[in-house]
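Analysis of the macromolecular model
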Amino acid sequence: MRVPEEFEELSPSEFFWRHKDLAGFTNPMRAIYGTIRELVENSLDAAEVHEIPLKLHLKVTRLEEEQKGEEGRQETLHLHIEDNAGGISREKIPNAFGRVLVSSKYRLRQSRGLFGLGGKMALIYGQSMTHEPFTIRSSVGKRNPIVEYTMMVDIEKNTPRILKRRRLQNPGGWRGTVIDLTTRGDWAHAKQKVVEYLTNTAIAAPYASIFFEDPDGAQYRFEPVTTDMPKPPTETRPHPSGLDVESLKRLATATKTTNLPTFLCRQFQRIGPVTAKKLLQFAGMHPRKDPHKLTREELIQLTNSMNSFTDFKAPEASCLSPVGAKQLEAGMRKQLKPAFVTTLARKPSSYSGFPFIVEAGVAYGGEIQPNTSGKIPIIRFANKIPLLLDEGSDVVRKVVDAVN
Ligand SMILES: Nc1ncnc2c1ncn2[C@@H]1O[C@H](COP(=O)(O)OP(=O)(O)OP(=O)(O)O)[C@@H](O)[C@H]1O
Ligand SMILES: [Mg+2]
């Protein structure tokens, strides 16, 4: 007799716990490197969105000496990370750190974070390797108390499990976030990557003060060289070029207006009354239509027309938060100590309705060490995040290699 197949549903935490590699936790070296990266990026985002010059303190301590198991070298490590950034209000802490796919960054505005996953993945990974809870302490400052949660994630249910909650006095108006967690990783192999990551982070965030102490007691200090913060990005409306039918349908269902041109002007950037009229002519649609009553065919027709209409202005770049040519130069001078440096920020361009800005710098001489491979060293960033892996397949490497 045929046994019927069993079907199960996985919670988002369960899914990412089972497929850690999707979040970059592929081996013990990448696990500890990824943990540090995710937490540092969260602090940088929280600093930049509130224009607070970041002070970051990171300490990794060895709890248990190295073991050589199937996974290779592994040791139990304690991680302490403290920032002076925006902090998180107390009622938001449990879900921000205990529920996968919860984020304050699901908006049309540039930030390093995007998915609502990274910080949680670091915590879930540590919890699943050591079965230790983690602690989050935070305050949004001024007259608000400091709240400390000792928590775990209920991975099967994707819910925060609060083991202890404390309220602490905050007479000094301290603001920031402190995370303590126990995890496992291959420090010996991760060490060089972590230091390189922090060094490159200090180039793209020259306003930040970063102090790092590693498990062997070595201390690394990255001092700020500017108080200028990148201009915080503003949230924008979608640009019509990159739209799909589902997005158009959602906007058309939610809108309060019953007038199609008004709907287009309100919901999208780069559409004013004149462009709306031209677009509707181009789409062959009557302007008196009620957006709520668009049929499936009309939604598809309008989406296709929005995607192929060529008279829209390029998307607004105010949702971006570039490093800035001046800041990049300051960062490169500070970390590389070259004899010569020049930087450039291009004008915004766009792809498929999304704006982007290319920023680059060239430095030469001074204390720059030549690559042992004989190739020109390249420091790459995407979204202001240092890229340390897979340089060989990057077009930047190919272009630089082609230069005499
Ligand atoms: N140090 C911090 N200071 C202030 N808020 C923070 C801090 N760390 C995390 N948060 C808040 O917790 C949320 C969840 O963080 P998490 O890293 O899990 O996801 P994310 O940063 O939104 O996206 P990504 O998966 O791309 O990292 C963030 O969106 C942010 O609102
Ligand atoms: Mg994050």
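Placed above this text is the structure.
Figured I'd write up the structure that's included with this text. Predicted model only: the values in this text are computed from it and were never measured.

Considerations on the packing of aromatic side chains
The final tally for this structure, using the stated rule, is eight aromatic pairs. The interplanar angle of 85° and the centroid separation of 6.2 Å between the aromatic rings of Phe 263 and Phe 268 together place this pair among those described as edge-to-face. An identical accessibility class is assigned to Phe 263 and Phe 268; each is buried. Chaining the aromatic ring pairs together yields one cluster made of Trp 187, Phe 212 and Tyr 220.

Brief notes about a nonpolar patch on the surface
A cluster of nonpolar side chains, namely Val 395, Val 396, Val 399 and Val 403, defines an oily patch on the protein surface of about 340 Å² accessible area. Along the polypeptide, Val 403 turns up in the segment after helix 11 (395–402). Residue classification places Val 403 among the exposed residues on the basis of a relative accessible area of 53%.

Thoughts on the environment of Glu 41
Looking at the element boundaries, Glu 41 is found in helix 2 (residues 28–49). Overall, Glu 41 belongs to the buried group, its relative accessible area being 5%. For the pair formed by Glu 41 and Lys 231, sequence separation is 190 residues and the distance between their alpha carbons is 17 Å. Aside from chain neighbours lying at most four places away, what touches Glu 41 is Arg 112, Tyr 197 and Ile 385.

With respect to the packing of helix 2 against helix 5 (residues 187–204)
Two elements in contact, helix 2 and helix 5, have axes separated by 8 Å at closest approach and are oriented at 25°. On the basis of the axis angle, helix 2 is roughly parallel to helix 5. The hand of the helix 2/helix 5 crossing is right-handed. For the pair helix 2 and helix 5, the contacting residues are Met 29, Ile 32, Tyr 33, Ile 36, Arg 37, Val 40, Glu 41 and Leu 44 in the first and Trp 187, His 189, Ala 190, Lys 193, Val 194, Tyr 197, Leu 198 and Thr 201 in the second. Split into classes, the residues belonging to the contact of helix 2 with helix 5 amount to eleven nonpolar, two polar and three charged.

Quick notes on the rules
Residues numbered from 1 in each chain as written. Chains lettered and ligands numbered in written order. Predicted model: local features only at pLDDT ≥ 70, side-chain atom pairs only at ≥ 80, totals over all residues. Heavy atoms only, no water. Phe/Tyr/Trp six-rings, centres within 6.5 Å; stacked < 30°, edge-to-face > 60°. Buried < 20%, exposed > 50% of the residue type's maximum accessible area, 1.4 Å probe, protein only. Patch = residues over 30% accessible without salt bridge, like charges linked within 9 Å, V, L, I, M, F, W, Y side chains within 5 Å. Areas by Shrake-Rupley, 256 points an atom, 1.4 Å probe, with all protein chains shown as cover. Salt bridge = Lys/Arg side-chain N within 4 Å of Asp/Glu carboxyl O. Helix = DSSP H or I, 4+ residues; strand = E, 2+ residues; numbered from the N terminus. Contact = heavy atoms within 4.5 Å. Axes fitted to C-alpha atoms, helices over the stretch in contact; angles between N-to-C directions. Parallel < 35°, antiparallel > 145°, perpendicular 65-115°, else oblique. Left-handed = near helix turned anticlockwise from the far one by under 90°. Nonpolar A, V, L, I, M, F, W, Y, C, P; charged D, E, K, R; others polar.

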